Amino acid sequence: MTSLDPSILTLWELPEGAATRLINVSENHTYLVEAPGWRSVLRLHRNGYHTRRAIECELAWSAALVAEDVVKTPAAIPGKDGELIQTARIGDEPRHLVMFEFAEGAQPSEDQDLAASFHRLGALAARTHRHSIAWRAPEPFERLTWDVDAVFGPYATWGDWRDAPNVTADIAEVLEGVEEVVIRRLRAYGQGPERYCLIHADMRLANLLVDGDTTWLIDFDDCGFGWFLYDFAAAISFIEDHPQVPSLKAAWLAGYQEIRALSLDDLAEIDTFIMLRRMALLAWIGTHTEAPEPQALAPDFARISAELGRAYLASHG
């Protein structure tokens, strides 16, 4: 869906001549909305991924983070009816839409020295975690859950990793072993409130915009209940085999622990969370083959996942 019916924009008070341009396809379609002297970002939600209440809860948390000066993230723009979430029929389906203020800045490039960016990410993560522990969420509160059942269970959020492209019998054998160890270790690690609560769950460089001294954290669409250290695993999504990862981990942990302490038990499971996230992404690729990013990643992702899995089993299995 490269273009939207222009009549959809009439749901908001926008300058005359406003038009949309598709800028990203992932869980959702994201459009830049442009008019003379105006820019905003429109998110068209994937059908069936979130209920309206779940989106309301996402927006409530991101607004609370801004109100309490925890992070900077673009505010949602209400429609003409005063509602932050609009619904329009697109094709044969009703779809939810949210308009956000435009944030200036650029995401850090993977080709540069990323230590400073990961130090910043670690501090951002720690601040959001500290907030989520203390925050009184509106009831009923509905968001995704990023636990072992969400990745490996019969109703996994992104599907079964076994159905992903190029998962051969040899690769499946390695990853079956990884799944078993990850589940066992995380069941033992537990979900105490000091290590498991509301998280961003997609805090990677693509969702970080840096504009001089200002850093914006964007895209809370996957926020939900999970382990705090899952946010580090999300930070290195798709680059888990990059040679910079050990230094990025050190930078992220340094930034994090300037704000919030971690225990030795927490530190011992970082690689477990990396594998949990990696296998979730493998499943995601298998169920999102219509999007450009999964298509580009599909040829080698299963093979590299197995290589990472062998190394993980050698040190943790």
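Residues numbered from 1 in each chain as written. Predicted model: local features only at pLDDT ≥ 70, side-chain atom pairs only at ≥ 80, totals over all residues. Heavy atoms only, no water.

A.B. asks: Is there a simple way to think about the overall build of the protein in this case?
C.D. replies: If you tally the helices and strands in the protein, you get 9 helices and 11 strands. The C-alpha radius of gyration computed for the protein amounts to 20 Å, which stays within 12% of the reference 20 Å derived for 317 residues, consistent with globular compactness. Dimensions of the protein along its principal axes, counting C-alpha atoms only, are 60 × 40 × 40 Å. Within the span of the protein, comprising 317 residues, buried residues form 53% of the whole. Within the protein, contacts between residues at least 6 apart in sequence are counted, and of these 74% link residues at least 24 apart. Here the protein has roughly 14200 Å² of accessible surface; of this, 51% comes from carbon and sulfur atoms. When the 27 positive and 48 negative side-chain charges of the protein are each reduced to one mean point, those points stand 3 Å apart. (Helix = DSSP H or I, 4+ residues; strand = E, 2+ residues; numbered from the N terminus. Rg over C-alpha atoms; globule rule 2.2 N^0.38 Å. Buried < 20%, exposed > 50% of the residue type's maximum accessible area, 1.4 Å probe, protein only. Contact = heavy atoms within 4.5 Å. Areas by Shrake-Rupley, 256 points an atom, 1.4 Å probe, with all protein chains shown as cover. Lys, Arg positive; Asp, Glu negative; His and termini not counted. Charge placed at Lys NZ, Arg CZ, Asp CG, Glu CD.)

A.B. asks: Looking at this model, I keep getting lost on the packing of aromatic side chains. Mind explaining?
C.D. replies: Overall, the coordinates contain 13 aromatic pairs when judged by the stated rule. Taking the centre distance of 5.9 Å and the plane angle of 80 degrees together, the rings of F141 and F225 count as edge-to-face. Taken together, the positions of F141 in the loop between α2 (115–134) and β7 (144–146) and F225 in strand β11 (residues 224–227) put the pair 84 residues apart, joining distant regions of the chain. Under the relative-accessibility criterion, F141 is labelled buried at 17%. Among the residues examined, F225 registers a relative accessible area of 27% and is labelled partly exposed. Where W252 meets Y256, the ring centres are 5.1 Å apart and the plane angle is 25 degrees; that geometry is what we call stacked. With W252 and Y256 both in helix α6 (residues 245–257) and 4 residues apart, the pair spans about one turn of that helix. (Phe/Tyr/Trp six-rings, centres within 6.5 Å; stacked < 30°, edge-to-face > 60°.)

A.B. asks: Even after reading the chapter, I still don't get unusual backbone geometry, so can you show me in this structure?
C.D. replies: Glycine aside, residues mostly have negative phi, and peptide bonds are mostly found in the trans state. Going from E139 to P140, the amide bond is cis rather than trans, its omega being -10 degrees. Tracing the backbone shows P140 in the loop between α2 and β7. The phi angle at D69 is positive, at roughly 60 degrees, despite the residue not being glycine. Mapped onto the elements of the fold, D69 is located in the loop between α1 (52–67) and β4 (76–77).

A.B. asks: Got a minute to help me understand the sheet that holds β11 in this structure?
C.D. replies: Strand-to-strand pairing in sheets goes through backbone hydrogen bonds, with the strands running parallel or antiparallel. Strand order in the open sheet formed by 3 strands is β7-β11-β8, with mixed pairing between adjacent strands. In the strand order of this sheet, the two ends are held by β7 and β8 (196–199), each with one partner. Looking at each pair of strands side by side, their axes are set apart by 30 degrees on average, direction ignored. Bridge count between β7 and β11: 3 bridges; the pairing is parallel. Within β11, the residue paired with L144 across the bridge is G224. (Pairing = 2+ DSSP bridges. Axes fitted to C-alpha atoms, helices over the stretch in contact; angles between N-to-C directions.)

A.B. asks: How do you make sense of the pattern of salt bridges when you look at a structure like this?
C.D. replies: Any two side chains of opposite charge can pair, given that their charged atoms come close. A full pass over the atoms with the stated rule returns 24 salt bridges. The partner of E176 in a salt bridge is R162, and the shortest N-O contact between them spans 2.8 Å. Of this pair, E176 sits in helix α4 (residues 169–189) while R162 sits in the loop between α3 (148–152) and α4, and the two are 14 residues apart along the sequence. Linking R204 and D202 is a salt bridge whose minimum nitrogen-to-oxygen distance equals 2.9 Å. In this pair, the class of R204 matches that of D202, namely buried. What emerges from the salt-bridge pattern is a single network uniting R52, R53, E56 and E83. (Salt bridge = Lys/Arg side-chain N within 4 Å of Asp/Glu carboxyl O.)

A.B. asks: What should I look at first to understand the nonpolar core in this one?
C.D. replies: Within soluble globular proteins, side chains that are nonpolar generally end up buried alongside one another. Core analysis: the largest hydrophobic core is formed by 80 residues, its most contacted members being F118, W161, W252 and L276. It is helix α8 (residues 270–287) that provides the largest number of residues to this core, a total of 12 residues. If sequence neighbours within four positions are ignored, L276 has contacts with V148, V151, F152, V182, L186, W227 and Y230. L4, Y31, I77 and M99 belong to the second-largest nonpolar core, a separate cluster that totals 16 residues. (Core = buried A, V, L, I, M, F, W, Y, C linked by side-chain atoms within 4.5 Å.)

A.B. asks: Just to check I follow, could you spell out the packing of α1 against α2 for this structure?
C.D. replies: In a packed pair of helices, the relevant descriptors are the angle between the two axes and the axis-to-axis distance. Running from N to C, α1 and α2 cross one another at 110 degrees; their axes reach a closest spacing of 11 Å. With respect to each other, α1 and α2 are oriented roughly perpendicular. At the point where α1 passes α2, the crossing takes the right-handed sense. For the pair formed by α1 and α2, the contact residues are W61, A64 and L65 on the first element and T128, H131 and S132 on the second. Its residues placed into classes, the contact of α1 with α2 shows 3 nonpolar, 3 polar and no charged. (Parallel < 35°, antiparallel > 145°, perpendicular 65-115°, else oblique. Left-handed = near helix turned anticlockwise from the far one by under 90°. Nonpolar A, V, L, I, M, F, W, Y, C, P; charged D, E, K, R; others polar.)

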